[in-house]
Amino acid sequence: QLRRLLGWAAPAGAVFAVLAAATGAAFSDRPTAFGALALIATVAMVPLLLRGLATPILERLDAAITERNTLQAELDAAHKAKEEFRDLAYHDGLTGLPNRSLLYDRLGVAIAHSYRQSSHLALLFLDLDDFKNVNDSLGHAAGDRLLVELAIRLRGSVRAGDTVARFGGDEF
């Protein structure tokens, strides 16, 4: 925007010089041709000088804005990575279920709530027997698909506020 304003300065300076010469003529203060030329040259040089001073400043501002945008993008990426690490720290990478650490935390909260409310609490521990045979006979990819499918079905079988967690390899 400053560049746009400075672009108008040269024509405005020329008009100002003509008006100054005309005003001087109207008041019988007749400048010589050389004086009028010097006045026009001086007025024409002012925008050029301003433009010369403004250009480095504008370039530095552009560079600072670019650097700020780059830093903001890097900061956003760092925040996203932090959230991903936090998610990995508390969730199973295969099933997306809460892991043992998050289960302990939620179980502690549930026990405290149950105690305060004098209510009951239920806990179901599920261990898949002979799961090693699935991995050995069908391969780990098939075993992983089985675990993911079991996680989906378990999650779909409980209330929204209940916790289904993967405690370990084949334990839920």
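Per-chain numbering applies: the sequence of each chain, read as written, is numbered from 1 onward. Restriction of local features to residues with pLDDT of at least 70 applies here, the model being predicted, together with a cutoff of 80 or more for giving and counting side-chain atom pairs; totals for whole chains, interfaces and linings are based on all residues. No hydrogens and no water enter the side-chain calculation; it runs on all heavy atoms of the structure.

Novice: When you look at the nonpolar core in this model, what are you seeing that I'm missing?
Specialist: Across soluble globular proteins, you tend to see nonpolar side chains buried next to one another. Each nonpolar core is a collection of buried residues, namely Ala, Val, Leu, Ile, Met, Phe, Trp, Tyr and Cys, held together in the definition by side-chain atoms within 4.5 Å. Throughout this description, buried means an accessible area under 20% of the type-specific maximum (1.4 Å probe, protein chains only), exposed means over 50%, and partly exposed covers the range between. If you look at the biggest cluster of nonpolar residues, it comprises nine residues: Leu97, Leu128, Phe131, Leu147, Leu150, Ala151, Leu154, Val164 and Phe172. By the criteria applied, helices consist of DSSP H or I runs no shorter than four residues and strands consist of E runs no shorter than two, each listed in order from the N terminus. Looking at this core, the element that brings in the most residues is helix H6 (residues 140-156), giving four residues. Setting aside residues no more than four positions away along its own chain, Phe131 makes contact with Gly143, Leu146, Leu147 and Asp170. When checking whether two residues touch, look at their non-hydrogen atoms; a contact exists if any pair is within 4.5 Å.

Novice: Help me understand the layout of surface pockets in this model?
Specialist: To find the voids left in a structure, one rolls a probe of water-molecule size over its atoms. For each structure, a 1 Å grid was placed over the protein atoms alone; sets of points admitting a 1.4 Å probe that cannot get out are labelled cavities, open sets with protein on both sides within 12 Å along at least five of seven lines are labelled pockets, and lining residues have an atom within 4 Å of a point. Grid points are joined across faces, edges and corners, and a volume is the space filled by probe spheres set on the points. The computed volume of the largest pocket comes to approximately 670 Å³. Residues are grouped as follows: Ala, Val, Leu, Ile, Met, Phe, Trp, Tyr, Cys and Pro are nonpolar; Asp, Glu, Lys and Arg are charged; every other residue, Gly included, is polar. For the lining of the largest pocket, the class distribution of residues is 16 nonpolar, three polar and three charged.

Novice: It is not clear to me how the side chain of Asn99 should be interpreted in this structure. Could you clarify?
Specialist: Within the secondary structure layout, Asn99 lies in the loop between helix H3 (33-90) and helix H4 (100-117). Asn99 has contacts with Leu88, Ala89, Tyr90, His91, Asp92, Ala165 and Arg166, leaving out every residue within four places of it along the chain.

Novice: Would you mind showing me how to read H6 here?
Specialist: Residues separated by three or four positions in an α-helix point in the same direction, a consequence of the helix having 3.6 residues per turn. Helix length check: H6, at 17 residues, gives a terminal C-alpha distance of 24 Å against a target of 24 Å (1.5 Å per residue), a fit within 8%. Three or more residues of H6 are buried, namely Ala142, Gly143, Leu147, Leu150, Ala151 and Leu154. Turning to H6, the residues buried within the fold contact helix H5 (131-138). Helix span, expected: 1.5 Å multiplied by one less than the number of residues in the helix.

Novice: Looking at this structure, how should I read unusual backbone geometry?
Specialist: Glycine aside, a negative phi is what most residues show, and trans is what most peptide bonds show. At Ser118, a position not held by glycine, the phi torsion is positive, near 50°. Summarising the element assignment, Ser118 is placed in the loop between H4 and H5. Residue class for Ser118 comes out exposed when judged on its relative accessible area of 70%. In this model, Asp130 sits at a positive phi of 55°, which is unusual for a non-glycine residue. Secondary-structure assignment places Asp130 in the loop between H4 and H5.

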